[in-house]
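For reference, the chains in residue letters:
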Amino acid sequence: MYQYIVNVKVDNSDCVIIRSTVCVPYPSFTFRPKKPTPPEIPTEQPSPDRRETQVPVMREKVDLLAQKLVRIKHEQDNRLFPMLHVDKDFIDELSVPWKDALIVKLSGNECGFDGMKRNLDGQWGLAGEFDLLDIGNGFFVVKFNSEEDKTKVIKGIPWDIYGHHLLIRQWTQTFNAKPETIEKTMSWVRIVSLNLVYHDESFLWAIASAIGIPIEVDLDALRVERGRFARVCVEIDMNKPVVRSVGINGEWYEVQYEGLCVCQHCSCYGHCLRDCTYRPS
Ligand SMILES: [Zn+2]
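Every chain begins its residue count from 1, and numbering advances along the sequence as written. Given that the model is predicted, a residue must reach a pLDDT of at least 70 before its local features are reported, and side-chain atom pairs must reach 80 or more before they are shown or counted; all residues, however, enter totals for whole chains, interfaces and linings.

1. Some remarks on the sheet that holds strand β10 (residues 164-170)
Logical step 1: Here we have five strands laid out as an open sheet, ordered β7-β8-β6-β10-β9, and antiparallel in their pairing. Only two strands of the sheet have a single neighbouring strand rather than two, namely β7 (130-136) and β9 (160-161).
Logical step 2: At least two DSSP bridges between two strands are required for those strands to pair. Segments assigned H or I by DSSP are reported as helices when at least four residues long, segments assigned E as strands when at least two residues long, and all are numbered from the N terminus. Bridging between strand β6 (residues 102-106) and β10 involves five bridges; their strand directions are antiparallel. Note on β10: the bridge partner recorded for V104 is I168.
Logical step 3: The strands touched by helix α2 (residues 113-124) are β7, β8 (139-144) and β9; relative to β7, the strand with the most contacts, the crossing angle is about 145 degrees. It is the C-beta atoms, placed from the backbone, that decide contacts: two residues are in contact if theirs lie within 7 Å. Interaxial angles span 0 to 180 degrees and are taken between N-to-C directions of axes, which are lines fitted to C-alpha atoms, for helices over the stretch in contact.

Right, here's the structure in full:
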């Protein structure tokens, strides 16, 4: 592991991540550090294919309030509920190192950092390295060093660890790793027997948008499975019933979720028809 966090209990501007020979500012999400362990000192040089992109230089310390990039307002005029309103461009700037990151969590199970790192290493078998950050409550941020590795992970969905489904979602600026955070995950879905006329990447992206947040269209499936089904990757909300069919100009097509346990009765994730509590007895 070539990354560790120092000086965690300070404001975000002082909190940095040291990775190999570069320093990056820690982003603005809530972070709950693991129990302290002695940091590993990297002994080998980064591999030549390691991407040098998106690693900003250390920011100069500035007065964000004076520059009106951050304004403090109090909810209901109560000083105990200060709310910081942050300039959008400023957050976008801070987000640069993280915008391609993924957030992972084991469904229904909390996995420690070492176990998660070991299992992801073993299962993903990536060519390059990835950085894993424990952000608390079972959530981890994964930052890949190559786009190819990230694509490989997304293409390989679903992943299971210890028999638990690995939830994978995109990193967002507003993500907050609190316990009640709604679980979202990426899933590959099949649109079964879709009319050949709709086997078009742009159109499938539109279909994916009707099912969830579109992530990727499987172009291989377009060529190989042409006619049997079309395949798209979408991010879905696990706490709501999933879309089971999609209509196009009046015709309905079945939507199947690969590797996800979705109830046939209530369309919810996490139980089968037999265990459905919404099913009339
Ligand atoms: Zn059900």
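Past the structure itself, the notes keep going.
2. Things to note about unusual backbone geometry
Logical step 1: In this structure, the amide linkage connecting I157 to the following residue, P158, adopts the cis form with an omega of 10 degrees.
Logical step 2: Tracing the sequence through the fold places P158 in the loop between α3 (147-155) and β9.
Logical step 3: One non-glycine residue, D77, lies in positive phi territory at about 55 degrees.
Logical step 4: One non-glycine residue, S267, lies in the positive phi region at around 65 degrees.

3. A word on helix α4 (residues 201-211)
Turn by turn, an α-helix covers 3.6 residues, leaving residues three or four places apart pointing in a common direction.
Logical step 1: Among all positions of α4, only L204, I207, A208 and I211 are buried. Down the axis of α4, the buried set is contained in an arc of 105 degrees. They therefore lie on one face. Turned more than 90 degrees off the buried face of α4, the exposed positions are S202 and S209.
Logical step 2: Contact partners of the buried residues in α4: β11 (184-192), β12 (213-217), β13 (229-237), β14 (245-248) and β15 (251-257). Counts of 20 or more other C-beta atoms within 10 Å of a residue's own C-beta define buried residues, counts of 12 or fewer define exposed ones, and intermediate counts define partly exposed ones; C-beta atoms are placed from the backbone. Each direction from the helix axis to a C-beta atom contributes to the arc, which is the arc of those directions.

4. Examining the sheet that holds β11
Logical step 1: Spatially, the five strands line up as an open sheet ordered β12-β13-β11-β15-β14, and their pairing is antiparallel. With partners counted over all chains shown, the strands left at the sheet margins are β12 and β14, one partner each. Each adjacent strand pair in this sheet contributes to an overall mean axis angle of 35 degrees, direction not counted.
Logical step 2: As defined by bridge partners, β11 adjoins β15 across three bridges and the pair is classed as antiparallel. The residue of β15 that forms the bridge with V189 is Y257.

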